[in-house]
Amino acid sequence: MSASEHSTMTRPRRSRRSRVAGALVAVAAVGALAGAMAEPASAGSAPAAPATAKLLNCGWNEAGGNDGRASYEHCATDTNVWIQVTRWARGDYHRCVGPGRTILDYDATGAWYDSTFRGGLCSHPGDTA
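Model, not experiment: these values are computed from the prediction.

1. So, the nonpolar core
Among the nonpolar cores identified, the biggest contains 11 residues, and these are A70, Y72, V81, I83, V85, Y93, V97, L104, A108, A111 and Y113. Counting residues per element, the ones that place at least two in this core are β3 (81–87), β4 (90–97) and β6 (108–113). Contacts of V85, omitting those with residues within four sequence positions, involve D92, Y93, L104, D105, A108, G110 and A111.

2. Details of the environment of W60
Within the secondary structure, W60 is located in strand β1 (residues 59–61). Assessed through its relative accessible area of 25%, W60 is described here as partly exposed. When neighbours within four sequence positions are excluded, W60 is seen to be in contact with A70, S71, Y72, L104, A108, T109, G110 and A111.

3. Points about the pattern of salt bridges
Two side chains that carry opposite charge are able to pair once their charged atoms sit near each other. Per the stated rule, a full pass over the model turns up two salt bridges. For the salt bridge of D105 with R90, the shortest nitrogen-to-oxygen distance reads 3.8 Å. One end of the pair, D105, is in the loop between β5 (100–103) and β6; the other, R90, is in strand β4, with 15 residues separating them in the sequence. Here D107 ties to R90 by a salt bridge, and the two come within 2.8 Å at their closest N and O atoms. Of this pair, D107 sits in the loop between β5 and β6 while R90 sits in strand β4, and the two are 17 residues apart along the sequence.

Calculation rules
Residues numbered from 1 in each chain as written. Predicted model: local features only at pLDDT ≥ 70, side-chain atom pairs only at ≥ 80, totals over all residues. Heavy atoms only, no water. Core = buried A, V, L, I, M, F, W, Y, C linked by side-chain atoms within 4.5 Å. Buried < 20%, exposed > 50% of the residue type's maximum accessible area, 1.4 Å probe, protein only. Helix = DSSP H or I, 4+ residues; strand = E, 2+ residues; numbered from the N terminus. Contact = heavy atoms within 4.5 Å. Salt bridge = Lys/Arg side-chain N within 4 Å of Asp/Glu carboxyl O.

So, in structure tokens, the structure goes:
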């Protein structure tokens, strides 16, 4: 391949969803590391789990866990955010979720943080749009 052919080739663009998911993972990793470094270990406490253990449940979780229901885990502790939920055989919708685990519809097939919907932040967990 000549240099001129190589310079005209472009790398395939990642989807918007893929870029947002990558950014969320990076933000969650920084938050987990900052929290792990800021929390002092007390003499009588149990050993702390590795910082990456918190990251395993952040975001979309498929059905099949302990209770067999799909969920979305919002790992930030001080914000409520809008997520977009996709469902099989029904329309997608937005839902406001607070920190922690939110059980989703029985037919949910995916969910992700949507920063473009109403600015990404919301006031009342449980609201839908």
